Number of protein chains: 4
Amino acid sequence: MTIDIFEAYESNVRSYCRSFPAVFARAKNAELFDETGKGYIDFFCGAGALNYGHNNDYIKDKVIEYIANDGIIHSLDMYTHAKREFLEFFEKEILIARSFDYKIQFPGPTGTNAVEAALKLARKVKKRSGIFALMGAFHGMTLGALALTTDRDSREGAGVALNNVTFVPAPYMYPELDTIEYIENLLTDDHSGADIPAAIIIETVQAEGGVYVFDELFLKRLRILCDKYDILLIIDDIQVGCARTGTFFSFERAAIAPDIAVLSKSIGGYGFPLALTLIKPQYDIWSPGEHNGTFRGNQIAFVAAKAGLEYMLQNSVENQARIKGEKAKKYITDEILPLSSKLKLRGIGLILGIDMTSLGGNNISKAVMKSCFENGVIAERAGRDNAVLKIMPPLTIEEDKLLKGLEIIRDSIKANISVSKRTFELKG
Amino acid sequence: MTIDIFEAYESNVRSYCRSFPAVFARAKNAELFDETGKGYIDFFCGAGALNYGHNNDYIKDKVIEYIANDGIIHSLDMYTHAKREFLEFFEKEILIARSFDYKIQFPGPTGTNAVEAALKLARKVKKRSGIFALMGAFHGMTLGALALTTDRDSREGAGVALNNVTFVPAPYMYPELDTIEYIENLLTDDHSGADIPAAIIIETVQAEGGVYVFDELFLKRLRILCDKYDILLIIDDIQVGCARTGTFFSFERAAIAPDIAVLSKSIGGYGFPLALTLIKPQYDIWSPGEHNGTFRGNQIAFVAAKAGLEYMLQNSVENQARIKGEKAKKYITDEILPLSSKLKLRGIGLILGIDMTSLGGNNISKAVMKSCFENGVIAERAGRDNAVLKIMPPLTIEEDKLLKGLEIIRDSIKANISVSKRTFELKG
Amino acid sequence: MTIDIFEAYESNVRSYCRSFPAVFARAKNAELFDETGKGYIDFFCGAGALNYGHNNDYIKDKVIEYIANDGIIHSLDMYTHAKREFLEFFEKEILIARSFDYKIQFPGPTGTNAVEAALKLARKVKKRSGIFALMGAFHGMTLGALALTTDRDSREGAGVALNNVTFVPAPYMYPELDTIEYIENLLTDDHSGADIPAAIIIETVQAEGGVYVFDELFLKRLRILCDKYDILLIIDDIQVGCARTGTFFSFERAAIAPDIAVLSKSIGGYGFPLALTLIKPQYDIWSPGEHNGTFRGNQIAFVAAKAGLEYMLQNSVENQARIKGEKAKKYITDEILPLSSKLKLRGIGLILGIDMTSLGGNNISKAVMKSCFENGVIAERAGRDNAVLKIMPPLTIEEDKLLKGLEIIRDSIKANISVSKRTFELKG
Amino acid sequence: MTIDIFEAYESNVRSYCRSFPAVFARAKNAELFDETGKGYIDFFCGAGALNYGHNNDYIKDKVIEYIANDGIIHSLDMYTHAKREFLEFFEKEILIARSFDYKIQFPGPTGTNAVEAALKLARKVKKRSGIFALMGAFHGMTLGALALTTDRDSREGAGVALNNVTFVPAPYMYPELDTIEYIENLLTDDHSGADIPAAIIIETVQAEGGVYVFDELFLKRLRILCDKYDILLIIDDIQVGCARTGTFFSFERAAIAPDIAVLSKSIGGYGFPLALTLIKPQYDIWSPGEHNGTFRGNQIAFVAAKAGLEYMLQNSVENQARIKGEKAKKYITDEILPLSSKLKLRGIGLILGIDMTSLGGNNISKAVMKSCFENGVIAERAGRDNAVLKIMPPLTIEEDKLLKGLEIIRDSIKANISVSKRTFELKG
């Protein structure tokens, strides 16, 4: 199971493979297998791209059937049978069923592309160039989306100034500051230096920012604020959409509708690249082809996406997310938090974060991640100083696997707390 | 075969479907079939994404086998069996076999993403923000790549100023101007207003720009110029790479090696999203994760990509491109150009353009495209005023299909020349 | 005293003349006379350009003598007798006397030009493009300085995006927020979205922002913060330098030295255009001529500037500012604030602001300004909603004129409070 | 006549003083005197700021009288007697007399400020952000104007990307390229990458660019082009306006009227800072105060400006420029050009350039400038590689001084040609 070839041929930019240096070959639901056959419980889940599990059989059958029958695979953005099937299902079973009214754009099959499309459209609609985003945000890696991404290392990669964005402190950063009032003040204070933006973009849960969940009141007030000041509200639901938080769209819990919503990752159903930019009809003022691209119609992803949605509805995956999320929370609260008063838990549905900032930050979280991996759990870190262990299994994870994984995490944290105590005592 | 659902649910941004308003269901090699079973010869070829044909059986078998065996589908950028197989094959059979030495970056599965990565890296390497690009260029739709794209409609979609780019007239635009001397003058004239760029980016054939082929001398001199002035040369081989021009990389004919090369479209083998940014080892100064993304490891695309390369080598697809290209050129020269002295032919390998600028531009090219479609050929237009009919079938097209398609084009042009003559006479 | 010609010939951009529609002809110390001979007490003072009074006789004599003797008037930035005299005097009597060590740049004779030079240099020194500035700031009208200016109307005039600046809430805006900690968090939080800036620029008193005085502790902590994070501190002393706050440099009270300080307005002595950019020697890494301009050596301004400084020192003008400032504060506190509990007073030395935000904002302040003018006092408004009446007479104002002016202000406020009460009662 | 103090106290940015290291004290018409009393013939003329000579007695008397009578010196942009006198005279005797119709803006007293105002207004009028400028252009040093300035050293001083400008080759650069057609192609080619600009800005003579005179046909065609494509034409007449080329506005010879014209330098009459932005009435859509500044009303400059214009008209200074220009051209053609076939002469009126590019460029031009200075002539260099000696005396220069100065230049060139020949022979 050599990794020499990767080191020899692949660019230094490779990242996650450094944290999890196995060569993976197969996968099923919540488990990955490396070339030697060793299994790993997957709490990373393609960063949210595999909500219905690895190689979900229901979807798999449809995919193989489609390929076997020479269903059209690539057709740019032409009309296809598979796209129509997807469109129809998505409109009826997802949008109308939830009383949403959106036009659907296929903007290229990645999240960053969907965000770029949303930004272009918002600027076109409002004829303004600025965007407000929250500190802690992550929205993508291409130049327009990167300007909205707050991670300093990522920003420094741009090589040019990242502009046209005003960052606003996230609600959790300054409890004494009311974020909505702060934004309103930026808009109304004629000496704030902030130009009125075309849009405000948020994630309802900052995943990469460290698993911070914004409460419903904040989301509702933001929606009202945007309307009051004639600003579009864009919700980036790439990581926490597709039932991750317990509802298909993460903003359903606040009973709001953004003007533009952005989906990717699990919308592809089977881990295939797909992205959607959802647009309130009155804002669908695109000219034909104004945002184009070769892979706007990834047919196999349409097939998988529709199958994925069917599976989700038939199996109450939204409920699964809620129920398993509660179980995981209970376990962490009962078994892990007691390990140290410096540990914190945040999250909603099946995206949970154990914050080790006060416990030692990057050093301890890295050691924990390593122990987890060695003991068969893949879990990534996020947030400031990479101090938050992110728990994000497939929503379809078997409960015993979920608990087994959490046990391994518990043991890994426990072991590393002991180590750091010993190190401390030896030094002392 | 209703398209109502698309019109009702899909954003106005949809484009190609407007030119070819059928609902496609199946495809095989060079032929598309709509829901009614009607076949169309495909001279569009996913804008260059299907060089080995639709649903190529050799690739198809590997793909189905992989999925059936629960090969891992999604794993972010972790090490996988499929990726290693691809890397190894690509390095040995493609790069080393052609005496190239590149590190391979998987930058997200679309061309625009690969261009964005190339720009970031060039700027990081040279610590300069400017890029030179050619008028007529097309490099993508996300903000960084869009700044390099010349098409005015696309640029206007940005909603913000597109900066850090200097456009240079393409060699074909001002025959009296030596483009290399012009660029050199921009660099050496201390009053040119042009800041020394990090990189010069070109396509060796401007496909979207109207099928303009840059000659070898130009490419060689550009390579020398970049070295002389310490500027990186980036070649965007997204549309004309993967054997389209008769060699795997389009720049092989000039015996040059860019510092960074960008591939997408047909590299995915089967129409699956995949993109590569190839980097000379000395410039691979990325920090881990400095450019990341969810779909950097599209495993099914790795499987298809390797199979596609195998197929290409085993079946001498590069030669096929050259031979069929010559046949197509001969047919057009003998049968189509004589229809009017105002028609022009350009191209290399199996990317050919029939330029109707002098014949009436957009009006006539649109009518011809429509006639072609009605008679069973899908061919898109490109270039200024959309006046160039682009002929770009799969390289694996059967020769009778190729000639049949060209006949339909001939008849379509002929018919439309008659119509416009009649219209003219009636008015006269 | 017709103003027809102005309305016919001068651009609509003209501003202050609309508030004070007289045609002025002569002036002496704190008094302006219009063409009819009517006098006005000047509480506006050229927006701080006339700290030593209009047509100060001591300076006047030197100026006339210089011109009469054909002293050189214009010589770009060549060495001149007058410049050397000024340089020597400024270094010894102003800088060394206050233990400051700065190289002196003459960047073109306006404040905005001096700010542009400071920005260029800071960016060159630190090789970073960003600047932090405070909400409420005003730094000038040319593109670089305008990006730092917060007034929305001014910003909208730019016609292009104003970038490379991060605005930080001023200390008075959110009392619950410690501004220094907020800035430090922007710098240390790896997800703040703020890139490390080349410099932080502040005014020690936000004059245009509404006469907000930053306390010494804030200034000291900011100085320490800049050192800690390797960021330059730029102080824009254009409006409140030259003794206005009671010390020559406004930052003397905090016993700090900025890395770059910017002076203009009253440094010209007699109202002549002049500006200085003062640079700590280690940062004077300019190449010769890297920032140039035609009027970098306004010789008559050098003569007047030196004479002005002599006058200032000989007549303890700094003390005058303090003493008269206290008298004015006392008068306002005793006689004006009691008119309404909604009035607020802020200021230091002889820059004072009566804040009418709670009393009715722009409407009332405009009416008061108008009454003042009609009764012979020229005073401008500043700040949010233009709600702050700014009191900024020459530091050399005769005390009876100062009190007379304040009386007129008191009566104007009183009258307008009655009017608005009556209006209110009539409506009620 | 020590320069120690300058070296000790003044920033390294100082420039011209390095070429002419004397300390100047007095001046009269075309002669400067240093502190030792040594005279220098002034062929530099404040870079065009002293067209009516140093310390012109006619203007001097008015200036002294005004100051002596306590005429108001500083009043921001309020109405004044002096401004009205200037406005009325300028409108009637300059504008209406030449059939021009412009509103007058006082944008701050420097050229760069006037250019910034012009850019803002053009962008506001056309709601577009781009500007076209010519390679070789110089328009100023503040960020907006600097983006239009082509000199590489100046641009590198910016510290941020200079954007929103497209540079077009100047007519003299590629004789085979028709500049107007090139621009038209940028505008009409839908793949040029150039966005339609708000304005095209030019100097009718590129002074800093190396004394290149644009012919009338070019100027007329540019005017027509701008109208055809709804683009504003801005002429920067800062250096070559005020009669320098033989007419008050340099564009009079082409019988065109720009939409915005920018004046500074000699408009101040006596070397005092002043600048004007002239605006066709239909484009004067400024909001009050949208571009402001402290020194928009430099009263002493208004007095001097009006007196300067009176003097110019009374003494036919425009004619003087033409006549003396012809004499200087004849002398150079007869006496200097024969020294070497590698010398070239360009110019119009009294702005002439002797181009030494082929003779050795910067090295020889620097040596010549030095010899000239040692022998009592001040003349600066301009253009690429600083290879052009710029001859730009006051238009009022006595003819014997003009010839004497040219003799010294001749002798300096002659001596340096011999030196370089000898050096060459010694090396050979």
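Residues numbered from 1 in each chain as written. Chains lettered and ligands numbered in written order. Predicted model: local features only at pLDDT ≥ 70, side-chain atom pairs only at ≥ 80, totals over all residues. Heavy atoms only, no water.

Asks: Is there a simple way to explain a negative patch on the surface in this structure?
Replies: A surface patch of like charges, here negative, comprises A:Glu176, A:Glu181, C:Glu176 and C:Glu181. With respect to the helices, strands and loops of the structure, A:Glu176 is situated in the loop between strand 6 (165-168) and helix 9 (179-188). (Patch = residues over 30% accessible without salt bridge, like charges linked within 9 Å, V, L, I, M, F, W, Y side chains within 5 Å. Areas by Shrake-Rupley, 256 points an atom, 1.4 Å probe, with all protein chains shown as cover. Salt bridge = Lys/Arg side-chain N within 4 Å of Asp/Glu carboxyl O. Lys, Arg positive; Asp, Glu negative; His and termini not counted. Charge placed at Lys NZ, Arg CZ, Asp CG, Glu CD. Helix = DSSP H or I, 4+ residues; strand = E, 2+ residues; numbered from the N terminus.)

Asks: Got a minute to help me understand the interface of chain B and chain D in this structure?
Replies: A common way to state how big an interface is: give the accessible area lost once the parts meet. Facing the 33 residues of chain B at the interface are 33 residues of chain D. Sorting the residues of chain B by area buried against chain D places B:Arg152, B:Asp190 and B:His191 first, and these three jointly supply 26% of that buried surface. The interface formed by chain B and chain D holds four salt bridges in total. A salt bridge links D:Arg155 to B:Asp195, with the shortest nitrogen-to-oxygen separation between them at 2.9 Å. Taken together, the links from chain B to chain D amount to 27 residue pairs in polar contact (both at pLDDT 80 or more). Here the residues of the side of chain B that touches chain D are counted per class, giving 12 nonpolar, 11 polar and 10 charged. (Contact = heavy atoms within 4.5 Å. Buried area = accessible area lost by both parts, 1.4 Å probe. Polar contact = N/O pair within 3.5 Å; in protein donor to acceptor, adjacent residues only side chain to side chain. Nonpolar A, V, L, I, M, F, W, Y, C, P; charged D, E, K, R; others polar.)

Asks: How do you make sense of the interface of chain D and chain C when you look at a structure like this?
Replies: Taken residue by residue, the interface counts 108 residues in chain D and 108 residues in chain C. The contact between chain D and chain C buries some 9,300 Å² in all, and 63% of this surface belongs to carbon and sulfur atoms. Across the chain D-chain C interface, the total number found is eight salt bridges. Salt-bridge contacts for D:Lys83 lead to C:Glu10; the nearest nitrogen and oxygen are separated by 3.0 Å. For the pair chain D and chain C, the interface holds 50 residue pairs in polar contact (both at pLDDT 80 or more). Broken down by element, the side of chain D that touches chain C gets its largest block of residues, seven residues, from helix 5 (residues 81-95) of chain D.

Asks: Quick question: what am I supposed to make of the relation of the copies chain B and chain D here?
Replies: These two copies of the chain differ by a rotation about an axis and a displacement along the same axis. When chain B is fitted onto chain D, the two copies agree to an RMSD of 0.0 Å after a turn of 180 degrees and an axial shift of 0.0 Å. Each copy turns onto its partner about a two-fold axis. Taken together, the interface assignments show that 100% of the residues at the interface of chain B recur at the interface of chain D, consistent with an identical surface on both copies. (Least-squares fit on C-alpha atoms with pLDDT ≥ 70 in both.)

Asks: Teacher, can you tell me more about empty space enclosed by the protein here?
Replies: One water molecule sets the probe size; rolling that probe over the atoms shows where empty space is left. Summed over all chains, the structure comprises eight cavities of 30 Å³ or more. When its volume is computed, the largest cavity comes out at roughly 380 Å³. As for the largest cavity, its lining consists of 27 residues, of which C:Gly293, C:Thr294, D:Phe138, D:Ile238 and D:Lys265 are closest to the centre. Its residues placed into classes, the lining of the largest cavity shows 12 nonpolar, 11 polar and four charged. In this structure, the second largest cavity spans a volume of roughly 40 Å³. Residues belonging to the lining of the second largest cavity are distributed by class as follows: two nonpolar, no polar and five charged. (1 Å grid on protein atoms, 1.4 Å probe; cavity = no way out; pocket = protein on both sides within 12 Å on 5 of 7 lines; lining within 4 Å. Points joined across faces, edges and corners; volume = space filled by probe spheres on them.)

Asks: Would you take a moment to explain the pattern of salt bridges for this structure?
Replies: Pairing is possible between side chains that carry opposite charge, provided their charged atoms lie close to one another. Summed over all chains, the structure comprises 124 salt bridges over all chains. Across the pair A:Asp70 and B:Lys60 runs a salt bridge whose closest N-O atoms are separated by 2.8 Å. In this pair, A:Asp70 sits in the loop between helix 4 (57-68) and helix 5 (81-95) while B:Lys60 sits in helix 4 (residues 57-68), so the two residues belong to two different chains. When sorted by exposure, A:Asp70 lands in the same class as B:Lys60, which is buried. (Buried < 20%, exposed > 50% of the residue type's maximum accessible area, 1.4 Å probe, protein only.)

Asks: Can you walk me through the relation of the copies chain D and chain C in this structure?
Replies: For these two chains of identical sequence, chain D goes onto chain C by a turn of 180 degrees and a shift of 0.0 Å along the axis, with RMSD 0.0 Å. A shared interface surface links the copies, since 100% of the contact residues of chain D are contact residues in chain C too.

Asks: Help me understand the domain arrangement of chain A in this model?
Replies: Residues and elements named next belong to chain A. According to the domain assignment, chain A consists of domain 1 (4-55 + 316-427) and domain 2 (58-314). Centre-to-centre, using C-alpha coordinates, domain 1 lies 26 Å away from domain 2. Contacts between domain 1 and domain 2 engage 34 residues on the former and 39 residues on the latter. The three residues of domain 1 that bury the most area against domain 2 are Tyr 52, Glu 318 and Arg 384, which together make up 28% of that side's buried surface. Connecting domain 1 to domain 2 are two salt bridges. In this structure, Glu 208 engages Lys 390 in a salt bridge whose closest nitrogen and oxygen atoms are separated by 2.8 Å. For the pair domain 1 and domain 2, the number of links is 23 residue pairs in polar contact (both at pLDDT 80 or more). Counting residues per element, the ones that place at least two in the side of domain 1 that touches domain 2 are helix 3 (45-48), helix 12 (317-336), strand 13 (344-348), strand 14 (351-355) and strand 17 (388-391). Among the residues forming the side of domain 1 that touches domain 2, the class breakdown is 17 nonpolar, 10 polar and seven charged. (Domains from an automatic or database assignment.)

Asks: Where do I start with the packing of helix 4 (residues 57-68) of chain C against helix 4 (residues 57-68) of chain D in this structure?
Replies: Geometrically, a packed helix pair is captured by the angle between its two axes and the distance between the axes. Contact geometry of helix 4 of chain C with helix 4 of chain D gives a least axis separation of 10 Å together with a crossing angle of 170 degrees. For the element pair helix 4 of chain C / helix 4 of chain D, the angle class is roughly antiparallel. Contact with helix 4 of chain C, carried on its side by C:Lys60, C:Val63, C:Ile64, C:Ile67 and C:Ala68, involves D:Lys60, D:Val63, D:Ile64, D:Ile67 and D:Ala68 of helix 4 of chain D and no other residues of that element. Residue composition of the contact of helix 4 of chain C with helix 4 of chain D, by class: eight nonpolar, no polar and two charged. (Axes fitted to C-alpha atoms, helices over the stretch in contact; angles between N-to-C directions. Parallel < 35°, antiparallel > 145°, perpendicular 65-115°, else oblique.)

Asks: Hey, could you run me through the packing of aromatic side chains in this one?
Replies: One pair of aromatic rings is described through two measures. These are the centre distance and the angle between the planes. What the rule picks out here adds up to 88 aromatic pairs over all chains. Judged by centre distance (5.3 Å) and plane angle (35 degrees), the rings of A:Tyr182 and C:Tyr174 are tilted. Linking A:Tyr182 in helix 9 with C:Tyr174 in the loop between strand 6 (165-168) and helix 9 (179-188), this pair reaches from one chain into another. Each member of the pair, A:Tyr182 as well as C:Tyr174, carries the same accessibility label: buried. Note on C:Tyr16 and C:Phe44: the rings are 5.0 Å apart at their centroids and 80 degrees apart in plane angle, and the pair reads as edge-to-face. Of this pair, C:Tyr16 sits in helix 2 (residues 16-19) while C:Phe44 sits in the loop between strand 3 (39-42) and helix 3 (45-48); the two residues are 28 residues apart in sequence, bridging distant segments of the chain. Aromatic rings pair up to connect A:Phe86, A:Phe90, A:Phe100, A:Tyr102, A:Phe106, A:Phe248, A:Phe249, A:Phe251 and A:Phe302 into one cluster. B:Arg26 extends its terminal NZ or CZ atom over the ring of B:Phe33, reaching a point 4.8 Å from the ring centre. (Phe/Tyr/Trp six-rings, centres within 6.5 Å; stacked < 30°, edge-to-face > 60°. Lys NZ or Arg CZ within 6 Å of the ring centre and 35° of its normal.)

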